[in-house]
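Structural overview for review
Each chain is listed here by its residues.
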Amino acid sequence: MTPELVLNNGLRMPALGFGVFQSPPEETAAAVETALKVGYRHVDTAAAYGNERQVGEGIRRAGLSPAEVFLETKVWVSDFGYDQTLHAFEKATRKLGVDRLDLLILHQPAPDRFERTVAAYRALERLLADGRVGAIGVSNFMRTHLDELLARTEVVPAVNQIELHPYFSQPDVQKADAEHGILTQAWSPIGGITFYPGWGEQRRSVLQDPVIGAIAAGHGRSPAQVMLRWQLQHGRSAIPKSTNPDRIAENFAVFDFELTDGEMARIDALDTGVRNGPDPDTPRDVFDRVIPED
Ligand SMILES: NC(=O)c1ccc[n+]([C@@H]2O[C@H](COP(=O)([O-])OP(=O)(O)OC[C@H]3O[C@@H](n4cnc5c(N)ncnc54)[C@H](OP(=O)(O)O)[C@@H]3O)[C@@H](O)[C@H]2O)c1
């Protein structure tokens, strides 16, 4: 069984999840099926990824019921607002083929339209009160966004999903999360953002980092496995993505070795303070992209 983390409302969540951003829809069902057969029991998707339907299909193909998998998805910015977000829940569950979600989070803070962000979060609170979701949270929220949200809403987010890998570990956001009892969840946990056209492709990939490489060689493991261990030993959730069956399995084989305190500190020291992904404070045209009904 996968090690679990306990969220601030008592809900248990497998620490290691399976990400599907940029998994083409035609490959996603097979990737999810492979991941579940390898042992993952937590999938992270999003309305904006355009593959919620295929995630649901992958779960069915693996012969599991949705209740056996921790399902996490995200409301896209164009669906922010109270009624719109309630409707976004209906869209997501219809596509996934489920009637409830384990974790529903706001994909972005969208500070250019924060009134709608707050209204969207109030809709998440409603869904939580109605038992339609097990927990609610946010993504890409910096300290200022958290402070503003917390001042205006009731339920402290269970999770804040942020860009977090050895080259960009956002200690300030992690500290803000910890102060409020919010679990930090790492997106691009092995630095995959560097492969995305237009986002991080100019930068060095942390998969090639010599410090990580040396630690990996010392354990007879891969750099990706070392980074996932680093995430988990810090008590974070991580959601690596792959559509390659060997790498899907490799990324899950991280529960039978341990990094030393010294190795953890050497990886901590790699932080450059430079993000590879988009700045959550910068509005983007893509915020207005409409999420289809089906
Ligand atoms: N909330 C947000 O704004 C946000 C943003 C980005 C991502 N996310 C979430 O976080 C998840 C993971 O982030 P990510 O996809 O950006 O990055 P990642 O998981 O750090 O890395 C994925 C990339 O690394 C490759 N890869 C996977 N395993 C590998 C291994 N063992 N060795 C070498 N390369 C490997 C993958 O290619 P192959 O598929 O070919 O293996 C892919 O190109 C996403 O899928 C999504 O669920 C959320």
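Since this is a predicted model, take the numbers as computed values, not measurements.

**Some thoughts on the sheet that holds strand E9 (residues 183-187)**
The sheet built from eight strands is open, its strands ordered E3-E4-E5-E6-E7-E8-E9-E10 with parallel pairing. Two strands close off the open sheet at either side, each with one partner strand: strand E3 (18-19) and strand E10 (237-238). Bridge count for strand E5 (residues 70-75) against strand E6 (residues 101-106) is four bridges, and the pairing is parallel. Residue threonine 73 lies in a different strand from E6, and its bridge partner there is leucine 104.

**A few points about the pairing of E6**
Looking along a regular strand, one sees the side chains alternate between the two faces of the sheet. With six of six residues buried, E6 lies mostly within the body of the structure. Crossover handedness for the path E5 to helix H3 (residues 82-96) to E6: right-handed. Note: E6 against strand E7 (residues 133-139), five bridges, orientation parallel. Residue leucine 104 lies in a different strand from E7, and its bridge partner there is isoleucine 136. As a crossover connection, the stretch from E6 through helix H4 (residues 114-129) into E7 is right-handed.

**Let's talk about the pairing of strand E8 (residues 159-163)**
Judged by how many residues are buried, E8 sits mostly within the fold: five of five residues are covered. One ladder, built from two bridges, connects E7 with E8; its direction is parallel. For serine 139, the partnering residue across the bridge sits in E8 and is glutamine 161. Crossover connection from E7 via helix H5 (residues 143-152) to parallel E8: handedness right-handed. Sheet topology note: the E8/E9 ladder contains five bridges and is parallel. Residue pairing for E9: valine 159 is matched across the bridge by leucine 183. As for the winding sense of the linkage, the β-α-β connection from E8 through helix H6 (residues 171-180) to E9 is right-handed.

**Regarding unusual backbone geometry**
The phi dihedral of alanine 110 is positive, around 45°, even though this residue is not glycine. Note on placement: alanine 110 falls in the loop between E6 and H4. Overall, the relative accessible area of 0% leaves alanine 110 in the buried class. Positive phi values are uncommon outside glycine, yet serine 188 reaches one of about 50°. Tracing the backbone through its elements, the reader meets serine 188 in the loop between E9 and helix H7 (210-219). The buried category is assigned to serine 188, whose relative accessible area is 11%.

Conventions we followed
- Residues numbered from 1 in each chain as written.
- Predicted model: local features only at pLDDT ≥ 70, side-chain atom pairs only at ≥ 80, totals over all residues.
- Heavy atoms only, no water.
- Pairing = 2+ DSSP bridges.
- Helix = DSSP H or I, 4+ residues; strand = E, 2+ residues; numbered from the N terminus.
- Buried < 20%, exposed > 50% of the residue type's maximum accessible area, 1.4 Å probe, protein only.
- Right-handed = clockwise from strand over helix to strand, strands pointing away.

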